[in-house]
Amino acid sequence: MQWGGLADEFDEWERRFGVTLQLLEFFDEIDYPISFSTKATWWTEDERYISLFRKHTHNWHVKISIITNSDEKSQRMEKGVPPTSERLKAIKRLTDAGVHVTLRLRPYIIGLGEEWKELIQRAHDAGADSVTTEYFCLESRADERLKRRYAEMSEIVGYDIHKFYMENSRQNGYKRLNRNIKAPTIEAMREWAHELGMRFHVSDAHCRECNDACNCCGVPPEFEANQWGNIGQAIITARENGEVKWSDINEPIDKYFSFPWTEAASFNTGNNRRRAENYSMTMAEFLHNNWNEPKGATSPMKAYGGVLVPDRKDENGDVVYKYNGKEE
């Protein structure tokens, strides 16, 4: 389970009410595997929490989010969050307890994260064994409140962030920046992480071929037994073998995604017509169809910057994708 993607499980409400602690005690009882994302630090000095984490070094993993090497900039950009130096100390406390910790350098923001090399070095020195990164994405359909936030961000990074993303992103709506802007930095990060002996992970749709594993979050290899049924693994397989087939990744998809497509929790199913057309389809069938429609917006070719390109069809009639990304 991923915990902390939409709200911090160790925030100030947790400090007051302890609901996360109650849940941790339950997950401890059933020995449930979890990957945590947080910016909070106070809990790493609280024995009630750390005593539980010491028991789960085999299946609990923590990502500490830090987006700049500068305490001053972090305090300006991330209101109400401990500065960078305090979060690095939290990494040290966790790794001293035997916990696997990933530096979550996400989102990477141009003008804020240029000292990424120093930041990765400091995280490594604190005991982090991996890095994960992704460039900041901008919502072009922002309301006035969000536009004011973008204006405040622009003052910190030194350029009009809204204008820059509008001019340098091909996508409609959710602007991700073009690959040629992001690739040089992501590839350099990977090289530096490897020099330090750290694993490297990318959650950005671009440069997923730079991943050391099919997951994007830095989860340790020994935790990854059932994680290969996804496009992340398809890209790695293609990188290693020159090509990838649906049969290379479909087994866990057929096993875990057999539920109806219309009942997928929190999944955007579009409009009533689309729901009616796909009413009898399972999510596994939907993903299979998506694989076989290379020109579709969310196909393996379109969604990942062309790192996979269709080559032919195999004996089952499924598209075979060839690798078109950075060589090892």
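As shown above, the structure is provided for reference.
Residues numbered from 1 in each chain as written. Predicted model: local features only at pLDDT ≥ 70, side-chain atom pairs only at ≥ 80, totals over all residues. Heavy atoms only, no water.

Colleague: What is the right way to read the pairing of strand 8 (residues 199-202) from this model?
Modeller: Residues in a regular strand project their side chains so that they alternate between the two faces of the sheet. With burial as the criterion, each face of strand 8 is covered, one bearing Arg199 and His201 and the other bearing Phe200 and Val202. Of the strand pairs in this sheet, strand 5 (residues 130-135) and strand 8 are connected by four bridges, and their pairing is parallel. Its bridge partner being in strand 8, threonine 133 is matched across the sheet by valine 202. (Buried < 20%, exposed > 50% of the residue type's maximum accessible area, 1.4 Å probe, protein only. Helix = DSSP H or I, 4+ residues; strand = E, 2+ residues; numbered from the N terminus. Pairing = 2+ DSSP bridges.)

Colleague: Any chance you could explain the sheet that holds strand 10 (residues 308-313) here in plain terms?
Modeller: Each strand in a sheet pairs with another by means of backbone hydrogen bonds, the pair being arranged parallel or else antiparallel. Reading across from one edge, 9-11-10 is the order of the three strands in this open sheet, with antiparallel pairing throughout. Single-partner strands in this sheet number two, and they are strand 9 (243-244) and strand 10. By the bridge criterion, two bridges tie strand 9 to strand 11 (residues 319-323) in an arrangement that is antiparallel. Directly across from glutamate 243, in strand 11, lies its bridge partner lysine 322.

Colleague: Mind showing me how you'd approach the sheet that holds strand 8 here?
Modeller: Strand order in this open sheet of six strands is 1-2-3-4-5-8, and the pairing throughout is parallel. For this open sheet the edge positions go to strand 1 (2-3) and strand 8, each flanked by a neighbour on one side alone. The pairing of strand 2 (residues 34-38) with strand 3 (residues 60-65) spans five bridges and is parallel. By the bridge assignment, serine 35 is partnered in strand 3 with histidine 61.

Colleague: What's the story with helix 9 (residues 179-195) in this structure? I'm lost.
Modeller: Three or four residues apart is the spacing at which side chains of an α-helix point the same way, because the helix has 3.6 residues per turn. Given a rise of 1.5 Å per residue, 17 residues ought to cover 24 Å, and the 24 Å separating the end C-alpha atoms of helix 9 matches this to within 8%. Burial in helix 9 covers these residues: Lys182, Ala183, Thr185, Ile186, Glu187, Met189, Arg190, Trp192 and Ala193. Against strand 4 (100-108), helix 6 (116-125), strand 5, strand 8 and helix 10 (231-241) lie the buried residues of helix 9. (Expected span 1.5 Å × (residues − 1). Contact = heavy atoms within 4.5 Å.)

Colleague: It is not clear to me how a positive patch on the surface should be interpreted in this structure. Could you clarify?
Modeller: On the surface, a cluster of positive charge is made up of Lys79, Arg145, Arg148 and Arg149. Assignment of secondary structure puts lysine 79 in the loop between helix 4 (71-77) and helix 5 (84-96). (Patch = residues over 30% accessible without salt bridge, like charges linked within 9 Å, V, L, I, M, F, W, Y side chains within 5 Å. Areas by Shrake-Rupley, 256 points an atom, 1.4 Å probe, with all protein chains shown as cover. Salt bridge = Lys/Arg side-chain N within 4 Å of Asp/Glu carboxyl O. Lys, Arg positive; Asp, Glu negative; His and termini not counted. Charge placed at Lys NZ, Arg CZ, Asp CG, Glu CD.)

Colleague: When you look at unusual backbone geometry in this model, what are you seeing that I'm missing?
Modeller: With the exception of glycine, the majority of residues adopt a negative phi angle, and the majority of peptide bonds are in the trans configuration. The omega torsion across arginine 106 and proline 107 is 0°, close enough to zero to call that bond cis. Within the fold, proline 107 resides in strand 4. Here the phi dihedral of leucine 177 falls at roughly 70°; this positive angle occurs in a residue that is not glycine. Among the secondary structure elements, leucine 177 is positioned in the loop between strand 7 (174-175) and helix 9. Judged by its relative accessible area of 0%, leucine 177 is buried. One non-glycine residue, cysteine 207, adopts positive backbone phi at about 70°.

Colleague: So what exactly am I meant to see when it comes to the environment of lysine 117 here?
Modeller: Structurally, the position occupied by lysine 117 is in helix 6. A relative accessible area of 41% means that lysine 117 is categorised as partly exposed. In the structure, lysine 117 is positioned 99 residues away from glycine 18 in sequence and 36 Å away in space, judged by C-alpha atoms.

Colleague: What's the story with the packing of aromatic side chains in this structure? I'm lost.
Modeller: When we look at a pair of aromatic rings, we describe it by the centre distance and by the angle of the planes. Applying the stated criterion across every chain yields a total of 24 aromatic pairs. On the numbers, 4.9 Å between centres and 85° between planes, the contact of tryptophan 291 with tyrosine 321 is edge-to-face. A residue pair is termed long-range when its members are at least 10 positions apart, and tryptophan 291 in helix 13 (residues 283-291) and tyrosine 321 in strand 11 qualify at 30 residues. The exposure classification of tryptophan 291 matches that of tyrosine 321, with both residues buried. When the ring centre of tryptophan 192 is taken as origin, the NZ or CZ atom of lysine 117, which lies over that ring, is 4.4 Å away. (Phe/Tyr/Trp six-rings, centres within 6.5 Å; stacked < 30°, edge-to-face > 60°. Lys NZ or Arg CZ within 6 Å of the ring centre and 35° of its normal.)

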